[in-house]
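Understanding the architecture of this molecule
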Amino acid sequence: MKFEISKIFTLDKKPKKGLLAAEWVMVAYMALTLVLMLFTYTKLHNPESMLWGRLRVAAITAALWAVYRMAPCRLTLFARVAAQMSLLSWWYPDTYEFNRMFPNLDHLFATWEQQLFGCQPALLFCKALPGPVFSELMDLGYASYFPMILVVTVFFFLCRYKEFGRASFVILASFFTYYIIYIALPVTGPQYYYNAVGLDDIARGVFPDVGDYFATHSEALESPGYKDGLFYGMVADAHAAGERPTAAFPSSHVGISTILLLLLWRTGARRLLLVLAPLYALLCLSTVYIYAHYAIDVLAGWVSAAVFFAVFSAAYKRVRE
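Bear in mind the structure is a predicted one, so any value in this text is a computation, not a measurement.

On to the overall build of the chain, then. Each helix and strand in the chain was counted, giving 16 helices and zero strands. Since a compact globule built from 321 residues should have a radius of gyration of about 20 Å, the 20 Å found for the chain is in line with a globular shape. If one aligns the C-alpha atoms of the chain with their principal axes, the spans along those axes are about 65 × 50 × 35 Å. Across the 321 residues in the chain, those meeting the buried criterion constitute 50%. Long-range pairs, those at least 24 residues apart, make up 85% of the contacts in the chain between residues at least 6 apart in sequence. As presented, the chain carries roughly 15100 Å² of accessible surface, and 68% of it is formed by carbon and sulfur atoms.

Structure representation (structure tokens):
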């Protein structure tokens, strides 16, 4: 660890001239969504804001590239990757601006959920285990999502620097692929759909088509559990700050966290893998417990994670900087 830290400020003898692989992922996503905006501009609710936001992202990326070129070291390179990861929180609600143009599909996913499980697991899970201890464990798992991403990213930067480029590329490529899916599949998840339909109808197995309801409505069910809990408050605050009726299928919480563990497993980081494994298990359960996802979203999260990890790990060899 000390040996790696000592190299953070050392200037690179062969600095990378162009964009990083992780940055190219963002550029590709931006180009794709700009084309989509071109064809749907008159239907979008906030096209000017979306365009200005993209210009700011491009400016930030160019500025950090310039800083790196003036002082090419690991620290400035890390800043470039960290910026792209932090901007994911800006790109996320952007998916809602696109998919709100299309009719909602939750009625189909709720029906498939009922056919597969014979019930609505999200509706029953929290009722079966409503106690404060279990509730706080669920919210702890859900709240650990972004800290897990931060810990794994920093771990690769400090302890597995040779794999840092690949790891950051796989994480960002997976995120943006999920975002593309969310644009194409307007599924809000139980917290929004159950609220729009009513819990009585959901309990009876009635799943009506709500059409374009979520184009103008973003009210969600209150998260179940122990409302005085520390982690409950953290999850509630996070939802209030940036959640939108979008991005339910597949669960990116499950998918990205699975990819994080696969990256650790691949590099032999067994200790950190074991530390994060309990939080990962809680996170997967919590997505259903707090109404964020259908159970089939979790299953799709696992499958998509395995596919994305394999595809983007192989793709890195072709696009590496």
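Having put the structure on the table, let's press on.
For the rest of this paragraph, the subject is helix α11 (residues 190-197). Most of α11 sits out of view: six of its eight residues are buried. Where α11 is concerned, the buried positions are P190, Q191, Y192, Y193, Y194 and V197. On its buried side, α11 packs onto α6 (106-117), α7 (121-128), α12 (199-203) and α13 (230-242). Looking one or two residues past α11, G198 carries a phi angle of roughly 110 degrees, positive in sign.

We now examine the packing of aromatic side chains. As enumerated under the stated definition, the model contains 30 aromatic pairs in all. Centre to centre, the rings of W91 and F176 are 6.0 Å apart; their planes meet at 80 degrees, and the pair counts as edge-to-face. Taken as a pair, W91 in helix α5 (residues 88-99) and F176 in helix α10 (residues 164-184) lie far apart in primary sequence, 85 residues in all. For the pair shown, W91 and F176 are each scored as buried. Pairing Y213 with F214 gives two aromatic rings, centres 5.2 Å apart and planes at 85 degrees, and the pair type is edge-to-face. Residue classification places Y213 among the partly exposed residues on the basis of a relative accessible area of 26%. Judged by its relative accessible area of 5%, F214 is buried.

This paragraph deals with the pattern of salt bridges. By the definition in use, this model includes six salt bridges. Residue R100 pairs with E97 through a salt bridge whose shortest N-O separation is 3.1 Å. The pair R100 / E97 is uniform in exposure class, with both members buried.

Right, let's get into the packing of helix α8 (residues 132-143) against helix α15 (residues 270-289). Their axes nearest at 7 Å, the elements α8 and α15 cross at an angle of 105 degrees. With respect to α15, the element α8 is oriented roughly perpendicular. Two secondary-structure elements touch here, α8 through F134, S135, L137, M138, L140, G141 and Y142 and α15 through L279, L282, L283, L285, S286, T287 and Y289. A class-by-class count of the residues in the contact of α8 with α15 yields 10 nonpolar, four polar and no charged.

Another point: unusual backbone geometry. In this structure, the amide linkage connecting F249 to the following residue, P250, adopts the cis form with an omega of -10 degrees. Mapping P250 onto the fold places it in the loop between α13 and α14 (252-267). Even without a glycine there, the phi angle at A247 is positive, about 65 degrees. For A247, the location among the structural elements is in the loop between α13 and α14. Note on A247: relative accessible area 8%, which makes it buried. In this structure, Y291 takes a positive phi of about 75 degrees despite not being glycine.

When you line up the elements, L105 lands in the loop between α5 and α6. Placed 106 residues apart in sequence, L105 and G211 show a C-alpha to C-alpha distance of 7.9 Å. With sequence-adjacent residues up to four places away left out, L105 is seen in contact with L185, P186 and V187.

Once that is clear, we can look at α15. Taking 1.5 Å of rise per residue, 20 residues should cover 28 Å, and α15 covers 29 Å from first to last C-alpha, within 8% of that figure. Where α15 bends most, the angle comes to about 35 degrees, and this point is L276, followed within four residues by the proline P278. Taken as a whole, α15 has its buried residues at L272, L273, L276, Y280, L282, L283, C284, S286, T287, V288 and Y289. Taken from the residues just after α15, Y291 is the one with a positive phi, measuring 75 degrees.

W91, F176, Y179, Y193 and L264 are the most contacted members of the largest nonpolar core, which totals 93 residues. It is α10 that contributes the most residues to this core, 13 residues altogether. Beyond its immediate stretch of four places on either side in the chain, F176 contacts V25, M26, Y29, L88 and W91.

What follows is about a nonpolar patch on the surface. A cluster of nonpolar side chains, L116, F117, L299 and W302, forms an exposed patch at the surface whose accessible area comes to about 380 Å². Counting only elements with at least two residues in the nonpolar patch, the list comes to α6 and α16 (295-319). In this structure, L116 sits in helix α6. For L116, a relative accessible area of 52% gives the class exposed.

About the cut-offs
- Residues numbered from 1 in each chain as written.
- Predicted model: local features only at pLDDT ≥ 70, side-chain atom pairs only at ≥ 80, totals over all residues.
- Heavy atoms only, no water.
- Helix = DSSP H or I, 4+ residues; strand = E, 2+ residues; numbered from the N terminus.
- Rg over C-alpha atoms; globule rule 2.2 N^0.38 Å.
- Buried < 20%, exposed > 50% of the residue type's maximum accessible area, 1.4 Å probe, protein only.
- Contact = heavy atoms within 4.5 Å.
- Areas by Shrake-Rupley, 256 points an atom, 1.4 Å probe, with all protein chains shown as cover.
- Phe/Tyr/Trp six-rings, centres within 6.5 Å; stacked < 30°, edge-to-face > 60°.
- Salt bridge = Lys/Arg side-chain N within 4 Å of Asp/Glu carboxyl O.
- Axes fitted to C-alpha atoms, helices over the stretch in contact; angles between N-to-C directions.
- Parallel < 35°, antiparallel > 145°, perpendicular 65-115°, else oblique.
- Nonpolar A, V, L, I, M, F, W, Y, C, P; charged D, E, K, R; others polar.
- Expected span 1.5 Å × (residues − 1).
- Bend = angle between axes of the 7 residues up to and from the residue.
- Core = buried A, V, L, I, M, F, W, Y, C linked by side-chain atoms within 4.5 Å.
- Patch = residues over 30% accessible without salt bridge, like charges linked within 9 Å, V, L, I, M, F, W, Y side chains within 5 Å.

These values are about where atoms sit, not about what they do.
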